[in-house]
Every structure is written in structure tokens, then in C-alpha cells.
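# Report on the structure
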Amino acid sequence: MNFYASPSTIQPGSHATLCYGVNGAKTVRIEPPVEAVWPAVSRCLQVTPRKDTEYKLIAEDAAGHSVSRSFVLKVAR
């Protein structure tokens, strides 16, 4: 499981590229919700938070087991 943003700190009004990758997952979700997400080995999307935000990726397999990863995307002040 991979989950990160680039850059890890943005200026107000700017965006970051949030990327994730999972293998063997049946479902995935990101909190707080962003655009539609689905299991993928490699996928990126853009986010534009207004303040420091902790993003969490939760992946679940067909047996109901889940794993998660999180990070904080900082917005410079």
C-alpha cells in the first residue's frame, strides 16, 4: 500500500497531487472524501485543502480485513 502527496506542503489556494496504490483490495476510501476512488495499483488525483488536513486511505479485502495509511498535507501560512 502506497499513499502520499506531492508536495507535502502547499501555498494557500494551490493544489497537491495525492497518490495511492493498493494490491488485492476489494474497496478503498479516502477520508476526508475526495473524488471517486477505487482499487488501483497506481492512481493520482489533485486536492486543494484550505488548511492542514490529515488524509487517510482505508483499503479492505474480500474477507473484510482492512489496512490504512495516513499523512498530513500542510498548507503554509
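The residue numbers shown here count from 1 along each chain, following its written sequence. Reporting of local features is limited, given that this is a predicted model, to residues whose pLDDT is at least 70; pairs of side-chain atoms are given and counted only at 80 or more, and all residues count toward the totals for whole chains, interfaces and linings. Based on all heavy atoms of the structure, the side-chain values leave hydrogens and waters out of the count.

Right, let's talk about the packing of aromatic side chains for a bit. Between the rings of Phe, Tyr and Trp (Trp by its six-membered ring), a pair exists once the centres lie within 6.5 Å; its type follows the angle of the planes, with under 30 degrees stacked, over 60 edge-to-face, and the other angles tilted. For the structure on display, the rule yields two aromatic pairs. Consider the rings of phenylalanine 3 and phenylalanine 71, whose centres lie 4.8 Å apart with planes at 55°: the pair is tilted. Here phenylalanine 3 is found in strand β1 (residues 2-6), whereas its partner phenylalanine 71 is found in strand β7 (residues 66-75), with 68 residues between them in sequence. Each member of the pair, phenylalanine 3 as well as phenylalanine 71, carries the same accessibility label: buried. Taking the centre distance of 6.0 Å and the plane angle of 35° together, the rings of tyrosine 55 and phenylalanine 71 count as tilted. Here phenylalanine 71 lies in strand β7 and tyrosine 55 lies in strand β6 (residues 53-60), a separation of 16 residues in the sequence. Each member of the pair, tyrosine 55 as well as phenylalanine 71, is classed as buried. An aromatic cluster is present here, built from Phe3, Tyr55 and Phe71 joined pairwise through their rings. What counts as a helix is a DSSP run of H or I of at least four residues, what counts as a strand is a run of E of at least two, and both are numbered from the N terminus. Only protein chains enter the area calculation, which uses a 1.4 Å probe; residues under 20% of their type maximum are buried, those over 50% are exposed, and those in between are partly exposed.

In this analysis, strands are considered paired if DSSP registers two or more bridges between them. Read across the open sheet, the four strands follow the order β2-β7-β6-β4; overall the sheet is mixed. Every interior strand has two partners, whereas the edge strands, β2 (9-10) and β4 (27-31), have only one.

With that settled, consider the pairing of β7. Sheet analysis places β2 next to β7, joined by two bridges and oriented parallel. In the sheet register, threonine 9 faces β7, and the bridge partner there is lysine 74. As defined by bridge partners, β6 adjoins β7 across eight bridges and the pair is classed as antiparallel. Note that in β7 the partner of glutamate 54 across the bridge is valine 72. Where β6 folds back on β7, the antiparallel hairpin that results is connected by five residues, among which glycine 64 adopts a positive phi of roughly 90°.

Among the secondary structure elements, threonine 53 is positioned in strand β6. Take threonine 53: its relative accessible area is 14%, and that puts it in the buried class. Throughout, a contact is declared for two residues whenever any of their heavy atoms are within 4.5 Å. Each residue touching threonine 53, except ones within four places of it in the same chain, is listed here: Pro32, Phe71, Val72 and Leu73.

Definition used for salt bridges: Asp or Glu carboxyl oxygen within 4 Å of a side-chain nitrogen of Lys or Arg. Scanning the entire structure with this criterion turns up three salt bridges. The closest approach of N and O atoms between arginine 29 and glutamate 31, which form a salt bridge, is 3.1 Å. Under the relative-accessibility criterion, glutamate 31 is labelled partly exposed at 33%. A salt bridge links arginine 43 to glutamate 35; the shortest N-O distance between them is 3.1 Å.

By themselves these figures say nothing about function.
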